[in-house]
Amino acid sequence: MPIQQLCTVAAATKLNDYAWHLVLEAGRMASMIRPGQFLHIKCGHSRMLRRPISICEWMGDEPEDLVSVVFEVRGDGTAWLSRRKPGDRLDVLGPLGNGFDVQRKGKYLLVGGGIGVPPMLGCVTPGSIAILGCRSADREMPALTEKFREECKEVILCSDDGTVGYHGFVDAQVRAVLEKEKGFTALLACGPKPMLRAVWRAAAEFGVPVRVSMEERMACGVGACLGCATPMADGTMKHVCKDGPVFNAEEVDWNA
Amino acid sequence: MPDIDMSVNLAGMTMKNPIVAASGAFGFGAEYGEFYDISRLGGICVKGLTPKRREGNPPPRIAETPMGMLNSVGLQNPGVDAFIEKELPQLKGIDIRVIANISGGTPEEYGEMCEKLSDAGVDMIEVNISCPNVKAGGLAYGTRPGLAAEVTEVARRHARVPVMVKLSPNVTDITEIARAVEGAGADAISLINTIRGMRIDLDTRRPILRMNTGGLSGPAVFPVAVRMVWEVAGAVKVPVLGMGGVSRGADAAEMMLAGAAAVAVGAACFSDPYAPVKTVDELAEIGRAQGLGRISELTGAVRAW
């Protein structure tokens with residue numbers, strides 16, 4: 001059950017020229033979080049809509065009750081958010097969405113692309129392998145890459161232009177991993193829709209179940225306004241905020 | 001000192017207070033029911049219903065605007081029968097007036113839905129002749145007085161509960177439509193639906209909405225809504241449910257002064273899920289501060305120049 005709460009910013013850091021990392025004192029919210037859920041954050045008085053931002057890490061068992069989010073500046077709302085300083089307070093709704101079902105003993109192939117990398121950190125288990133993609137070296141988030149390296153069995157980097165890690169898209173690395181490693185519980189992915197489609201096609205060749213976290217322009221965040229529709233393969237519409245953001249890949253209409 | 005009487009009467013339907021959740025912003029009540037007891041509101045206008053299930057428009061359906069937003073949801077809903085079977089029973093168990101919002105492609109479809117919903121026991125029917133996001137029916141009925149009157153007349157004939165007609169602001173003279181639906185038997189009038197708008201992405205040169213245009217709501221439309229409520233309230237004798245950009249008690253009080261008997265809160269929910277209940281509390285506080293015995297004393301009390 002989501003709650004609305006004022007959260008104090010505990011830390012605000014820049015991960016690269018495009019992405020910011022905010023740590024929030026999230027109180028009761030912190031103990032309710034599942035991997036892949038998001039916070040709906042109000043951005044400034046002149047703005048109308050909240051911004052849905054994926055949760056990166058959380059520590060519900062700590063006295064601080066900290067939750068971190070990572071976002072890129074895409075427009076006026078996120079630009080306002082990027083100017084927040086420690087001590088500032090944010091109006092936060094959350095945790096929202098269904099999230100990934102991650103079993104501690106599971107072995108997952110985690111695939112993140114661009115700003116889809118941070119939410120995968122919450123899905124890490126000791127047996128997991130992570131494939132992290134970005135457009136170019138300046139878009140990598142080294143501080144996060146380091147955390148994946150500390151907790152995953154293996155971390156593979158790649159970039160569209162080859163300036164960091166392997167040259168190429170994440171789906172090529174998905175194929176490479178699945179050719180040599182077996183026994184994955186599932187592939188969990190977050191990133192732009194074309195990337196998710198390519199990843200799903202690659203994993204389908206190996207019979208590995210795929211769950212993807214989708215993005216859409218959103219208003220209410222709780223399933224009331226039906227704004228964040230995403231088309232399903234059976235012709236129906238589901239909603240990223242309440243039905244998702246995580247969907248089984250075979251449910252999604254990848255041609256829409 | 002006796003507390004202020006917040007109850008109002010909308011076309012024979014009494015409500016414990018004048019604040020209603022607006023259609024399209026509040027689903028069927030369950031989502032915001034997780035945050036608070038929705039029986040604190042006077043009523044709920046449910047998500048717009050159609051004869052059959054509709055999946056709605058392709059995404060993106062939402063675009064932010066200065067102090068507002070565009071939407072092109074396109075009347076996604078499970079259909080009137082599924083609403084009656086799956087959603088209405090829970091709503092009827094809550095102490096809140098249930099107003100069923102309906103859209104049809106022909107006057108006959110409006111009539112059929114009025115029959116079904118009257119039998120099912122809703123408290124009022126809001127006839128939507130003003131949705132800007134669907135091709136058939138919708139806005140076409142709301143911009144032509146003759147068609148608006150025809151739909152109203154059919155709905156009135158088939159409904160056994162009060163019929164409220166929801167008007168579009170996308171017209172030259174809204175009082176002309178208001179008079180037409182009043183003449184055709186409307187028991188109440190609600191306004192305004194959204195104002196047609198558009199936003200374009202500079203880089204892709206694509207409209208942000210997949211349907212190119214959508215309906216504007218939020219605080220940006222509030223003064224337009226107040227003006228239109230004032231015009232309509234002055235032109236007809238039936239009560240008016242005012243809406244459009246209301247996000248706090250002061251807005252609701254202003255809307256009532258312009259002539260609204262009751263006030264709906266819509267897009268404000270997306271910024272603050274508690275907006276409707278806060279509006280109830282703030283409106284009561286305004287009434288007390290002004291020494292009113294009944295909140296309904298505000299209705300139409302504007303001292304126009």
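Residues numbered from 1 in each chain as written. Chains lettered and ligands numbered in written order. Predicted model: local features only at pLDDT ≥ 70, side-chain atom pairs only at ≥ 80, totals over all residues.

1. Here's the deal with the overall build of chain B
Applicable threshold: Every helix listed is a DSSP run of H or I at least four residues long, and every strand listed is a run of E at least two residues long, numbered separately from the N terminus. Exposure classification rests on a simple neighbour count of other C-beta atoms within 10 Å of a residue's own: a residue reaching 20 or more is buried, one at 12 or fewer is exposed, and one in between is partly exposed. C-beta atoms are placed from the backbone. Contact criterion: two residues are in contact if their C-beta atoms, reconstructed from the backbone, are within 7 Å.
Each helix and strand counted, chain B has 10 helices and 14 strands in total. When its C-alpha atoms are laid out on the principal axes, chain B stretches across 60 × 50 × 45 Å. With 305 residues in all, chain B has 60% of them scored as buried. For chain B, the proportion of contacts with a sequence separation of at least 24, taken over those separated by at least 6, is 72%.

2. Topic: the domain arrangement of chain A
Residues and elements named next belong to chain A. The condition is simple: Throughout, the edges of the domains are those of an automatic or database domain assignment. Three classes are used: nonpolar for Ala, Val, Leu, Ile, Met, Phe, Trp, Tyr, Cys and Pro, charged for Asp, Glu, Lys and Arg, and polar for all others, with Gly counted as polar.
Domain boundaries assigned for chain A yield domain 1 (3-96) and domain 2 (108-215). For domain 1 versus domain 2, the distance between C-alpha centres works out to 24 Å. In this complex, domain 1 contributes 14 residues to the contact, which on the side of domain 2 involves 13 residues. Mapped by element, the contributors of at least two residues to the side of domain 1 that touches domain 2 are β4 (50-59) and β5 (66-72). Top contributing element to the side of domain 1 that touches domain 2 by residue count: β4, with four residues. For the side of domain 1 that touches domain 2, a count of residues per class yields eight nonpolar, three polar and three charged.

3. Structural notes on the interface of chain A and chain B
Taken together, the contact pairs 28 residues of chain A with 28 residues of chain B. Ranked by residues supplied to the side of chain A that touches chain B, first place goes to strand β13 (residues 229-231) of chain A with three residues.

4. Points about the nonpolar core
In summary, soluble globular proteins display a tendency toward joint burial of nonpolar side chains. Here is the rule we go by: Connectivity within a nonpolar core runs through C-beta atoms within 7 Å, and the core itself is a set of buried Ala, Val, Leu, Ile, Met, Phe, Trp, Tyr and Cys residues.
Ranked by size, the top nonpolar core spans 197 residues in total, and within it Val-199 of chain A together with Ile-125, Ile-189 and Val-229 of chain B carry the most contacts. With eight residues, helix α7 (residues 222-235) of chain B is the single largest residue contributor to this core. Looking at which domains feed residues into this core, each of domain 1 (3-96) and domain 2 (108-215) of chain A supplies at least three. Every residue in contact with Ile-189 of chain B, bar those within four places of it in the chain, is listed here: Met-164, Val-165, Leu-167, Ala-178, Val-181, Val-232, Val-236, Val-238 and Val-240 of chain B.

5. Looking at the UniProt feature "binding site: [2Fe-2S] cluster" (unreviewed entry) in chain A
Which entries qualify depends on this criterion: UniProt positions are given in the numbering used here, feature names are shortened, and annotations may be inferred rather than shown by experiment.
Here, the residues flagged by UniProt with the feature "binding site: [2Fe-2S] cluster" (unreviewed entry) are Cys-220, Cys-225, Cys-228 and Cys-241 of chain A. With the annotated positions falling across 22 residues, the maximum pairwise C-alpha distance of 10.1 Å places them together in a single cluster. Inspection of the secondary structure puts Cys-220 of chain A in the loop between β12 (210-213) and β13. Overall, the presence of 29 C-beta atoms within 10 Å leaves Cys-220 of chain A in the buried class. Once you skip the residues sitting within four places of it in the chain, Cys-220 of chain A turns out to touch Cys-225, Gly-227 and Cys-241 of chain A together with Cys-269 and Phe-270 of chain B. When you line up the elements, Cys-228 of chain A lands in the loop between β12 and β13. By C-beta crowding, Cys-228 of chain A is classed as buried, having 28 other C-beta atoms within 10 Å. The residues contacting Cys-228 of chain A, other than those within four sequence positions of it, are Glu-216, Arg-217, Met-218, His-239, Val-240 and Cys-241 of chain A together with Ile-62 of chain B.

6. Here we look at the packing of helix α6 (residues 174-183) of chain B against α7 of chain B
Residue and element names in this part refer to chain B. Convention followed: To get an axis, fit a line to the C-alpha atoms, keeping to the stretch in contact for a helix; angles then go from 0 to 180 degrees between the N-to-C directions. Any angle that falls under 35 degrees is termed roughly parallel, while one over 145 is termed roughly antiparallel, one within 65 to 115 roughly perpendicular, and all others oblique. Two helices cross in a left-handed way if the nearer one is turned anticlockwise from the farther one by less than a right angle. They cross in a right-handed way if the turn is clockwise.
As a packed pair, α6 and α7 sit with axes 9 Å apart at the nearest point and diverge in direction by 40°. When the axis of α6 is compared with that of α7, the two are oblique. Between α6 and α7 the crossing geometry is right-handed. When α6 is examined against α7, the residues Ile-174, Thr-175, Ala-178 and Arg-179 are found in contact with a partner set consisting of Met-228, Glu-231, Val-232 and Ala-235. A class-by-class count of the residues in the contact of α6 with α7 yields five nonpolar, one polar and two charged.

7. Let's talk about the sheet that holds strand β1 (residues 3-14) of chain A
Sheet strands pair via backbone hydrogen bonds, and the direction of the pair is either parallel or antiparallel. Residue and element names in this part refer to chain A. Selection criterion: Strands pair, by our definition, only if DSSP identifies at least two bridges between them.
Taking strand neighbours around the barrel as the criterion, the six strands line up as β1-β2-β5-β4-β3-β6 in a closed arrangement whose pairing is antiparallel. Each strand of the sheet is rotated relative to its neighbour by a mean of 45°, with strand direction disregarded. With seven bridges joining them, strand β2 (residues 19-25) and β5 adopt antiparallel strand pairing. The residue of β5 that forms the bridge with Leu-24 is Val-67.

8. Considering helix α3 (residues 170-180) of chain A
All names here are of chain A. Basically, it comes down to this: In this description, the arc belongs to the directions extending from the helix axis to the C-beta atoms.
Regarding α3, the residues found buried are Val-170, Asp-171, Gln-173, Val-174 and Val-177. Angularly, the buried residues of α3 cover 155° about the axis, an arc narrow enough to put them on a single face. Away from its buried face by more than 90 degrees, α3 exposes Glu-179 and Lys-180.

9. As for the UniProt feature "binding site: substrate" (unreviewed entry) in chain B
Residue and element names in this part refer to chain B. Here the UniProt-annotated "binding site: substrate" (unreviewed entry) positions come out as Lys-47, Asn-71, Ser-72, Val-73, Gly-74, Leu-75, Asn-128, Asn-193 and Thr-194. Structurally, the position occupied by Lys-47 is in the loop between β4 (43-45) and β5 (62-65). Classification of Lys-47 as buried rests on a count of 24 C-beta atoms within 10 Å. Each residue touching Lys-47, except ones within four places of it in the same chain, is listed here: Ser-23, Gly-24, Gly-27, Phe-28 and Asn-77. Take Asn-128: it is sitting in strand β8 (residues 124-128). Not counting the four nearest positions on each side in its chain, Asn-128 is found in contact with Gly-48, Asn-101, Ile-102, Ser-103 and Lys-166.

10. Comments concerning the sheet that holds strand β15 (residues 246-248) of chain A
Residue and element names in this part refer to chain A. One open sheet accounts for seven strands, arranged β10-β9-β8-β7-β11-β12-β15; its pairing is mixed. Looking along the sheet, the strands with just one partner apiece sit at the ends: β10 (166-167) and β15. Summarising the sheet, strand β9 (residues 154-159) and β10 pair through two bridges and their orientation is parallel. When the bridges of β10 are listed, Cys-158 appears paired with Tyr-166. This element, helix α2 (residues 142-151), spans β8 (129-134) and β9 of the sheet and lies at about 150° to β9.

11. Description of helix α4 (residues 193-204) of chain A
Residues and elements named next belong to chain A. Formally: A helix is expected to reach a length of 1.5 Å times the quantity of its residues less one.
The first and last C-alpha atoms of α4 sit 16 Å apart over 12 residues, in line with the 16 Å expected at 1.5 Å per residue. Residues of α4 that are buried include every one of Met-195, Leu-196, Ala-198, Val-199, Trp-200, Ala-202 and Ala-203, and no others. Looking at the buried side of α4, the elements it contacts are β7 (108-113), α3, β11 (186-190) and β12.

12. As for the packing of helix α3 (residues 107-120) of chain B against helix α5 (residues 145-158) of chain B
Residue and element names in this part refer to chain B. Relative to each other, α3 and α5 sit at 25°, their axes nearing to 8 Å. With respect to each other, α3 and α5 are oriented roughly parallel. Here α3 and α5 pass one another in a crossing that is right-handed. For the pair formed by α3 and α5, the contact residues are Pro-107, Glu-108, Tyr-110, Gly-111, Cys-114 and Glu-115 on the first element and Glu-150, Val-151, Val-154, Ala-155, Arg-157 and His-158 on the second. A breakdown of the residues in the contact of α3 with α5 according to their chemical character gives six nonpolar, two polar and four charged.

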